[in-house]
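Residues per chain are reported as follows:
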Amino acid sequence: MCGIIGYTGYSEARGILLKGLKSLEYRGYDSAGISVYHPDFKECLTTKCKGRVEDLEKKTSDIKGNTGIGHTRWATHGGVSDANSHPHKFGNVTVVHNGIIENYETIKNTLNIADKLKSETDSEIAAALIDRCFTGDPEEAIISAVKKLSGTYALAVMFDSIPDTIFAVRNVSPIVCCKNDDGAYIASDIMAIGGYSEDYFVLPEFSVAKITKDGFEIKDFRGGKMDVEMLKLDWDIKNSGKGGYPFYMEKEIMEQPQVIEKTVSSRVSAGMPDFSNDNVDDGIFEKCTAVSVIACGTAMHAGLIGKQLIESICSVPVSVHMASEFMYSNPIITDDTLVICVSQSGETIDTLEALKYAKSKGADTLSIVNVRGSSIARESDHVIYTDAGPEIAVASTKAYTTQVAVFYLITAKMAYLKGKLNQEGVADFIQELKKVPAAVQSVLDRRNEIHHLSGSMLTAEHAFMIGRGLDYPALLEASLKLKEISYIHSEAFASGELKHGTIALITGGTPVIALVTQQYLVSKQMSNIREVQSRGADVITFVRRSLKTEKFGNCFVLPELEDEFMLIPAVVSLQLLAYYVSSDKGLDVDKPRNLAKVVTVE
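Residues numbered from 1 in each chain as written. Predicted model: local features only at pLDDT ≥ 70, side-chain atom pairs only at ≥ 80, totals over all residues. Heavy atoms only, no water.

K.L.:
Tell me about the overall build of the chain, residues and numbers included.
P.N.:
Helix and strand counts for the chain stand at 19 helices and 26 strands. Since a compact globule built from 602 residues should have a radius of gyration of about 25 Å, the 25 Å found for the chain is in line with a globular shape. Here the C-alpha coordinates of the chain stretch approximately 75 × 55 × 45 Å along the principal axes. Within the chain, the fraction of its 602 residues that count as buried is 61%. Taking all contacts inside the chain whose residues are at least 6 apart in sequence as the whole, residues at least 24 apart take part in 73%. About 22,400 Å² of surface is accessible on the chain, with carbon and sulfur atoms providing 47% of the total. Looking at charge distribution, the chain has the averaged site of its 62 positive side-chain charges lying 2 Å from that of its 78 negative ones. (Helix = DSSP H or I, 4+ residues; strand = E, 2+ residues; numbered from the N terminus. Rg over C-alpha atoms; globule rule 2.2 N^0.38 Å. Buried < 20%, exposed > 50% of the residue type's maximum accessible area, 1.4 Å probe, protein only. Contact = heavy atoms within 4.5 Å. Areas by Shrake-Rupley, 256 points an atom, 1.4 Å probe, with all protein chains shown as cover. Lys, Arg positive; Asp, Glu negative; His and termini not counted. Charge placed at Lys NZ, Arg CZ, Asp CG, Glu CD.)

K.L.:
Outline the packing of helix 3 (residues 104–111) against helix 4 (residues 123–133), supporting the account with residue identities and numerical values.
P.N.:
Here helix 3 crosses helix 4 at 45 degrees, and the two axes come no closer than 10 Å. Taken together, the axis directions place helix 3 and helix 4 in an arrangement best described as oblique. When the axes of helix 3 and helix 4 are compared, the crossing they make is left-handed. In this structure, helix 3 contributes Tyr-104, Ile-107, Lys-108 and Leu-111 to the contact, and helix 4 contributes Ile-125, Ala-128, Leu-129 and Arg-132. Looking at the contact of helix 3 with helix 4 residue by residue, the class counts come to 6 nonpolar, no polar and 2 charged. (Axes fitted to C-alpha atoms, helices over the stretch in contact; angles between N-to-C directions. Parallel < 35°, antiparallel > 145°, perpendicular 65-115°, else oblique. Left-handed = near helix turned anticlockwise from the far one by under 90°. Nonpolar A, V, L, I, M, F, W, Y, C, P; charged D, E, K, R; others polar.)

K.L.:
Outline the environment of Asp-62, supporting the account with residue identities and numerical values.
P.N.:
Relative to the elements of secondary structure, Asp-62 occurs in the loop between helix 2 (53–59) and strand 4 (67–73). Under the relative-accessibility criterion, Asp-62 is labelled exposed at 60%. Between the C-alpha atom of Asp-62 and that of Phe-216, which follows or precedes it by 154 residues, the distance is 29 Å.

K.L.:
Lay out the sheet that holds strand 17 (residues 290–295) with the relevant residues and their values.
P.N.:
The strand order across the open sheet built from 5 strands is 18-17-19-20-21, with neighbouring strands paired in parallel fashion. Both edges of this open sheet fall to strand 18 (318–322) and strand 21 (382–385), since each of them pairs with a single strand only. Neighbour-to-neighbour, the strand axes of this sheet turn through a mean angle of 20 degrees, independent of strand direction. The pairing of strand 19 (residues 337–343) with strand 20 (residues 364–369) spans 6 bridges and is parallel. Paired with Cys-341 across the strands is Ser-367, a residue of strand 20. In the packing of helix 11 (residues 349–360) onto the sheet, the strands contacted are strand 17, strand 19 and strand 20, and the crossing angle to strand 19 comes to about 165 degrees. Helix 13 (residues 398–417) rests against strand 17, strand 19, strand 20 and strand 21 of the sheet, and its axis sits at about 160 degrees to strand 19. (Pairing = 2+ DSSP bridges.)

K.L.:
I'd like a description of the environment of Glu-205, backed by residues and values.
P.N.:
Along the chain, the position of Glu-205 falls in the loop between strand 11 (199–202) and strand 12 (207–212). Those residues in contact with Glu-205 that sit more than four places away from it in its chain are Arg-170, Asn-171 and Val-172. There is a polar contact of 2.7 Å between the side chain of Glu-205 and the backbone nitrogen of Val-172. (Polar contact = N/O pair within 3.5 Å; in protein donor to acceptor, adjacent residues only side chain to side chain.)

K.L.:
Any details on the side chain of Glu-347? Residues and values, ideally.
P.N.:
Here Glu-347 is to be found in the loop between strand 19 and helix 11. Arg-378 provides the closest opposite charge to the buried, unpaired Glu-347, separated from it by 5.0 Å. (Salt bridge = Lys/Arg side-chain N within 4 Å of Asp/Glu carboxyl O.)

K.L.:
With reference to specific residues and values, describe the packing of aromatic side chains.
P.N.:
All chains considered together, the criterion is met by 15 aromatic pairs. Taking the centre distance of 5.9 Å and the plane angle of 40 degrees together, the rings of Phe-275 and Phe-285 count as tilted. Pair noted here: Phe-275 is in the loop between strand 16 (272–273) and helix 8 (283–287) and Phe-285 is in helix 8, with a separation of 10 residues, a long-range link. Taken as a pair, Phe-275 and Phe-285 share a single burial class, namely buried. For the pair Tyr-408 and Phe-429, a centre-to-centre distance of 6.2 Å together with 55 degrees between the ring planes defines the contact as tilted. Linking Tyr-408 in helix 13 with Phe-429 in helix 14 (residues 423–433), this pair joins segments that are 21 residues apart in sequence. For the pair Tyr-408 and Phe-429, a shared accessibility class is recorded, and that class is buried. (Phe/Tyr/Trp six-rings, centres within 6.5 Å; stacked < 30°, edge-to-face > 60°.)

K.L.:
How would you sum up the pattern of salt bridges? Please name residues and give values.
P.N.:
Taken as a whole, this structure holds 27 salt bridges when the rule is applied. A salt bridge links Glu-477 to Lys-481; the shortest N-O distance between them is 2.5 Å. Taken together, the residues span about one helical turn, with Glu-477 and Lys-481 both in helix 17 (residues 471–486) at a distance of 4 residues. Notably, a salt bridge pairs Lys-483 with Glu-491, separated by 3.9 Å at the nearest N-O pair. When its relative accessible area of 31% is taken as the criterion, Lys-483 is described as partly exposed. The class of Glu-491 is partly exposed, set by a relative accessible area of 30%.

K.L.:
Outline helix 15 (residues 436–445), supporting the account with residue identities and numerical values.
P.N.:
For helix 15, the set of buried residues is Val-436, Pro-437, Ala-439, Val-440, Val-443 and Leu-444. Looking straight down helix 15, one finds its buried side chains confined to an arc of 160 degrees; they lie on one side. Structural note: helix 15 exposes Ala-438 and Asp-445 on the side pointing more than 90 degrees away from its buried face. Buried residues in helix 15 make contact with helix 6 (248–254), helix 7 (256–265), helix 14, helix 16 (447–454), strand 26 (554–558) and helix 19 (567–584). (Arc of directions from axis to C-beta.)

K.L.:
Residue-level account of the nonpolar core, with values.
P.N.:
Counting 96 residues, the largest nonpolar core has Ile-340, Ile-410, Met-414 and Phe-542 as its most contacted members. Looking at this core, the element that brings in the most residues is helix 19, giving 12 residues. Not counting residues within four places of it along the chain, the set of residues in contact with Ile-410 comprises Phe-275, Phe-285, Ile-310, Ile-340, Leu-366, Ile-368 and Ile-384. (Core = buried A, V, L, I, M, F, W, Y, C linked by side-chain atoms within 4.5 Å.)

K.L.:
An account of the packing of helix 13 against helix 19 is requested, with residue identities and associated values reported.
P.N.:
Put simply, helix 13 and helix 19 touch, their axes get as near as 11 Å, and they point 170 degrees apart. Between helix 13 and helix 19, the angle falls in the class roughly antiparallel. Facing Tyr-400, Thr-401, Val-404, Ala-405 and Tyr-408 of helix 13, the residues of helix 19 in contact are Leu-567, Ile-568, Val-571, Val-572 and Gln-575. Broken down by class, the residue content of the contact of helix 13 with helix 19 amounts to 8 nonpolar, 2 polar and no charged.

Here's what the structure looks like:
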């Protein structure tokens, strides 16, 4: 889970590398470094340090050169230290690396280099192996070396003896490339280089790119030249900044009405769900007799919403799997199973490997992702791209709500094709879905009310959330948001389970968030709220307007929608609650400790 940037061209590399690293810092921010080829010394000079990119920037003011590579790290092998920071140099070779090299200990022993290593990382082993394989042909050396590696990797490589040239190779972990009149650029994420050209390509797996100021030469491992598929950036890089907000997360929360509307409206024709622009065939929904959703974290919570919607409306059984456990749980996958993979980045390694496994079992695969050309998108039989745009904050907000919006559309399509809703019923469903952006906007317009409520939680060590029906999976996501950015231990419970043990955790002054949006369950949820109040809990209630039948103390009134559609405005209100708790505690909302946005290691 690291960020890679590379540039060679006619400008000074330092500024381009640092700018790229700042835009990649959400992928890892334990440490950072750059290596630039110095034309006078005729070698790559490296500066690196633990801490943020701004710390690195202060140390690199005198670096000169037009070719370089950079890296921002999320520690996996070896602790957070200057020595373990990338780039790593061994002999003639300098590398930056994203991924995990599983057999690094074996390689280290085979090369007999333990006493020569300067770090505890697996990445330095890659530099040493390439250096040992190098006899004059850089591409041959890289190919020979990576054939000996087990694991995943994206490597950008420079040789002291080959000026103004970068080489790149990948297996699973992504590398994207683009060029303009000023030079050529590579990165692990289009965020870092999208401002230089709207046309880019993803480096194919098991190929070697030679990158010079004039462009790219791509060869397969047999030495044959390869063509690449050019992609076009589908969002304005100029809008990827904070837009005047103190944190990206607040900006991304505020963008949700627009991105939900865009995601939905582009897939509705004559009032009916329409995936023809996504090239998704109706046949996969007609054929399936079961659905398996594979995802991690927030994306899995979106899948839990999809499960309840599809099962209750379409009468199709849905299982939701943690991607990291999927392959090891003997899942029941047949030719009639539709596997839906959900990932914001499209690079989540656990989800990608689970997707490959499902395909090997003969399942139809459909992925919901936000990044065009990503690994999961390319591996899937079908893909629906959310229109969330770039999401920089580590804690996902708009990516989640657009994923949920896609599940609404899938539910409507499947219900119609399987005869569970007629055309009028589907049209009514879609009409209610179209009201969601306005409902979200009404929550955002009253965000100061939520800010006021958040003040009671600033000193809390623990918090609990309770809800029933669709409110429960919505609260799983809300609880995750609170714990990951405020560091408050938070757990979500299905309210009916309180009496089966978990109510023992409720003591005087314990903050409890209660969500009340499901009309058919309101009386039971109110009973559960009284249960925790009687034990002294401090309850904050988020309640749908028509269900506010009695006086609440701390309360936020949610807008009115039908039951199935209440969860999005509810979750947005709870995103704001988590945001205000974190920001008022003085924490770095966008970069919570120990977390990174894109998980590319198992």
